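Now for the letters of each chain:
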Amino acid sequence: MESYIALLRGINVSGQKKIKMDELRALMSKAGLQKVQTYIQSGNIIFQSEDKSADELSSTIQQAIFDTYQFEVPTLIKKPEDLQKAVDENPFIDKDQSRLYLTLLEAQPQAEKLSLLKSISHDPEEWVIEKDVIYFFSPQGYGRAKMNNNYFEQKLKVKATTRNWKTINKLVEMAATL
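Residues numbered from 1 in each chain as written. Predicted model: local features only at pLDDT ≥ 70, side-chain atom pairs only at ≥ 80, totals over all residues. Heavy atoms only, no water.

Trainee: Even after reading the chapter, I still don't get the side chain of lysine 78, so can you show me in this structure?
Mentor: Along the chain, lysine 78 falls in strand β4 (residues 75–78). At a separation of 2.8 Å, a polar atom in the side chain of lysine 78 contacts the side chain of aspartate 132. Residues contacting lysine 78, with those up to four places away along its chain left out, are Tyr4, Ile5, Leu7, Leu83, Leu104, Leu105 and Asp132. (Helix = DSSP H or I, 4+ residues; strand = E, 2+ residues; numbered from the N terminus. Polar contact = N/O pair within 3.5 Å; in protein donor to acceptor, adjacent residues only side chain to side chain. Contact = heavy atoms within 4.5 Å.)

Okay, here's the thing in structure tokens:
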């Protein structure tokens, strides 16, 4: 039995794509996931499953949501050790962690897209990419950030979802107790 963390993109934001967490847990259990837990309303699911790839799990979750709610929800699947590694490798450890965010990418971006992004500055915002994780520090807060999730998706042409540092750490902690 493997543990996983599913990160749903764009649910319960500004009244759009509303899903109650108790309904989501029940739906995911019905879809065959085990020991299902959720964390806050932004679509974080911690669960266990056997014999499925991340792509299969993502498809299972997306299809269950579509069949029930009739809307699509991009879903990234990560293993707890992937998020633990991201926590351990935080390049902004000396900065205000309440202003730190991780943008998790579906895949590593192409070199030319990444090169173009590196040529753009939105000072005082800072970012560092490690494979499929962008560490993003926004001293003015995420709500005022120019380099938000949509920005990174557009520039890199890769699906992404962003979580704050506290959420990432909580998901790692919850996954460790499954």
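Trainee: Is there a simple way to think about the sheet that holds strand β6 (residues 126–130) in this case?
Mentor: Pairing between sheet strands relies on hydrogen bonds along the backbone, with the strands arranged either parallel or antiparallel. Reading across the sheet, the four strands line up as β6-β7-β5-β8 and stay open at both edges, with antiparallel pairing between neighbours. The sheet terminates laterally at β6 and β8 (160–164), the two strands that pair on one side only. Between one strand axis and the next, the sheet turns by 20° as a mean value, whatever way the strands run. The sheet contact formed by strand β5 (residues 100–105) and strand β7 (residues 133–137) spans five bridges and is antiparallel. Bridged to tyrosine 101 within β7 is phenylalanine 136. Relative to the sheet, helix α5 (residues 149–156) contacts β5, β6, β7 and β8, its axis offset from that of β8 by approximately 150°. (Pairing = 2+ DSSP bridges. Axes fitted to C-alpha atoms, helices over the stretch in contact; angles between N-to-C directions.)

Trainee: How should the packing of helix α3 (residues 80–88) against helix α6 (residues 165–176) be read in this particular structure?
Mentor: How two helices sit against one another is set out by the angle between their axes and by the gap between those axes. Running from N to C, α3 and α6 cross one another at 135°; their axes reach a closest spacing of 9 Å. On the basis of the axis angle, α3 is oblique to α6. α6 is crossed by α3, and the crossing has left-handed handedness. Counted together, Pro80, Leu83, Gln84, Ala86 and Val87 of α3 and Trp165, Ile168, Asn169, Leu171, Val172 and Ala175 of α6 form the full contact between these two elements. (Parallel < 35°, antiparallel > 145°, perpendicular 65-115°, else oblique. Left-handed = near helix turned anticlockwise from the far one by under 90°.)

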